[in-house]
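# Descriptive structure summary
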Amino acid sequence: MGERFLMKPEILPTHTSALFDAAVDRAAKLLCVGEIVALPTETVYGLAANALNAQAVEKIYHAKGRPSHNPIIVHVASLQMAQDCVANWPDGASRLVKSFWPGPLTIVLRKSDKVPEIVTAGGETVGVRWPSHPFIQAVIRKCGFPLAAPSANRSNEISPTTAEHVQKSLGAAVPLIVDGGAANVGIESTVIDLTLATPRILRPGMIHEESLSAALGERPAISTGATNTLRSPGMLPKHYAPKAKLVVLKWETAQDLKFKISDFNFPKECVHVVAYSRIPSHDDFGRISVIPHDPEAFARALYAELHRCDEEGAKLIVVEAPPDEGSWRGIADRLARAAG
Ligand code: TXA
Ligand code: MG
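Bear in mind that the values here come from a model prediction, so they are computed numbers and not experimental data.

## Points about the packing of helix α4 (residues 91-100) against helix α8 (residues 209-216)
α8 packs onto α4 with a crossing angle of 120 degrees between their chain directions and a minimal axis gap of 9 Å. Taken as axis vectors, α4 and α8 run oblique relative to one another. Once α4 is placed against α8, the crossing between them reads as right-handed. The segment α4 lies against α8, with G92, R95, L96, S99 and F100 engaging S211, L212, A215 and L216. For the contact of α4 with α8, a count of residues per class yields five nonpolar, three polar and one charged.

Take a look at the structure:
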């Protein structure tokens, strides 16, 4: 994995405007010479390379251990830059962009000749996103080219929402990690495919179906499970998984919860519970994390909680099942995948 860089990665803070500008310069300098850089976005941290440089993008696949059949999202910082990456720009794209860009929405369109095949894993389509985080916007503007960036974690691990998560997962495999604080959205962008007769949500996220319908003026289809594996490999079940076993459950009392997990036979210290409404007692489990009963707050906190459970040696993570509502669907999707 991290053979290319034997030294520790450089880690740059951004919390004053001088530090921010210095980190933008350093990141842009590396990206311009075909290097990879881990940097913050509002969803999760990304591992970026010049999207128009096939050799630079190759380094992303290598550092992540990512299968070559999984395409990478291209990040832009203007409408013009997005339009340069695609072969056509349907009305639906204009409607979505007006409502949701910059922000956590990736739009899949037919690719233009500018985008190398390695970015799209040989496919005819490309996912484009204009992120709202000021750091990645500043870097893209400084570079003048779009950035290919998947989440900055080893393939199949939980996405990083802090610079520390990136360091733990990729460590010496990247020369530079930029610390832009904790990600504000907390789960990966919604991915919508506009190359089909009916728009199709390939990956649910915090911009949910109801909002997309309202912006598009038509109801998008939703991909589920196996039908989708070729269109968007990131949607394979068992993706975004913690090291511990994860189960999603509903329960009434602590007694009820203990009964429901009794078959797993783990000592109570190794069972960590993530809950928002039925909060059991600390005496009965190794750790209880309480997340607010609000989808935005829940998404923002979720991955950090899963990372923490892994670090503290949890063998079983029990997450309270989210409500069956549109605004929780992205979270329910990631939990189902983490549970495998
Ligand atoms: O929020 C995000 O989207 C983050 C940040 C860094 O922008 N990126 C991210 O990238 O989550 P990644 O590579 O971990 O997940 C990208 C997802 C995968 O499920 C991939 O299969 C899908 O988007 N995808 C990318 N390009 C696609 C395409 N042309 N057609 C279909 N699916 C695509
Ligand atoms: Mg990922």
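Don't stop here, the text continues.
## Digging into the nonpolar core
Membership of the largest hydrophobic core comes to 69 residues, with the highest contact counts inside it found for L96 and I107. A total of seven residues in this core trace back to one element, the largest contributor, which is helix α1 (residues 17-32). Ignoring sequence-local partners within four residues, the contact set of L96 consists of W101, L105, I107, I192, L194, L212, A215 and L216. Residues L246, L306, C309 and A338 belong to the second largest nonpolar core, which totals 24 residues.

## Topic: α8
Looking only at α8, the buried set comprises E209, L212, S213, A215 and L216. Axial view of α8: buried residues confined to an arc of 170 degrees, hence all on one face. Its buried side turned inward, α8 meets α4, β5 (105-110), β9 (190-193), β10 (200-203), β11 (221-222) and α11 (329-339). One or two positions beyond α8, positive phi appears at G217, with a value near 80 degrees.

## Digging into the domain arrangement of the protein chain
Think of interface size as the accessible area that goes away when the parts come together; that is how it is often given. Partitioning the protein chain into domains gives domain 1 (2-222) and domain 2 (245-339). A C-alpha centroid distance of 29 Å is found between domain 1 and domain 2. Each side of the interface is counted separately: domain 1 has 21 residues, and domain 2 has 17 residues. Both faces combined, the contact of domain 1 with domain 2 buries some 1500 Å², and carbon together with sulfur accounts for 59% of it. At the surface where domain 1 touches domain 2, the tally comes to three salt bridges. Put simply, E188 and R334 hold a salt bridge, and the shortest N to O gap is 2.7 Å. In this assembly, domain 1 and domain 2 are joined by seven residue pairs in polar contact (both at pLDDT 80 or more).

Rules used in this analysis
- Residues numbered from 1 in each chain as written.
- Chains lettered and ligands numbered in written order.
- Predicted model: local features only at pLDDT ≥ 70, side-chain atom pairs only at ≥ 80, totals over all residues.
- Heavy atoms only, no water.
- Axes fitted to C-alpha atoms, helices over the stretch in contact; angles between N-to-C directions.
- Helix = DSSP H or I, 4+ residues; strand = E, 2+ residues; numbered from the N terminus.
- Parallel < 35°, antiparallel > 145°, perpendicular 65-115°, else oblique.
- Left-handed = near helix turned anticlockwise from the far one by under 90°.
- Contact = heavy atoms within 4.5 Å.
- Nonpolar A, V, L, I, M, F, W, Y, C, P; charged D, E, K, R; others polar.
- Core = buried A, V, L, I, M, F, W, Y, C linked by side-chain atoms within 4.5 Å.
- Buried < 20%, exposed > 50% of the residue type's maximum accessible area, 1.4 Å probe, protein only.
- Arc of directions from axis to C-beta.
- Domains from an automatic or database assignment.
- Buried area = accessible area lost by both parts, 1.4 Å probe.
- Salt bridge = Lys/Arg side-chain N within 4 Å of Asp/Glu carboxyl O.
- Polar contact = N/O pair within 3.5 Å; in protein donor to acceptor, adjacent residues only side chain to side chain.

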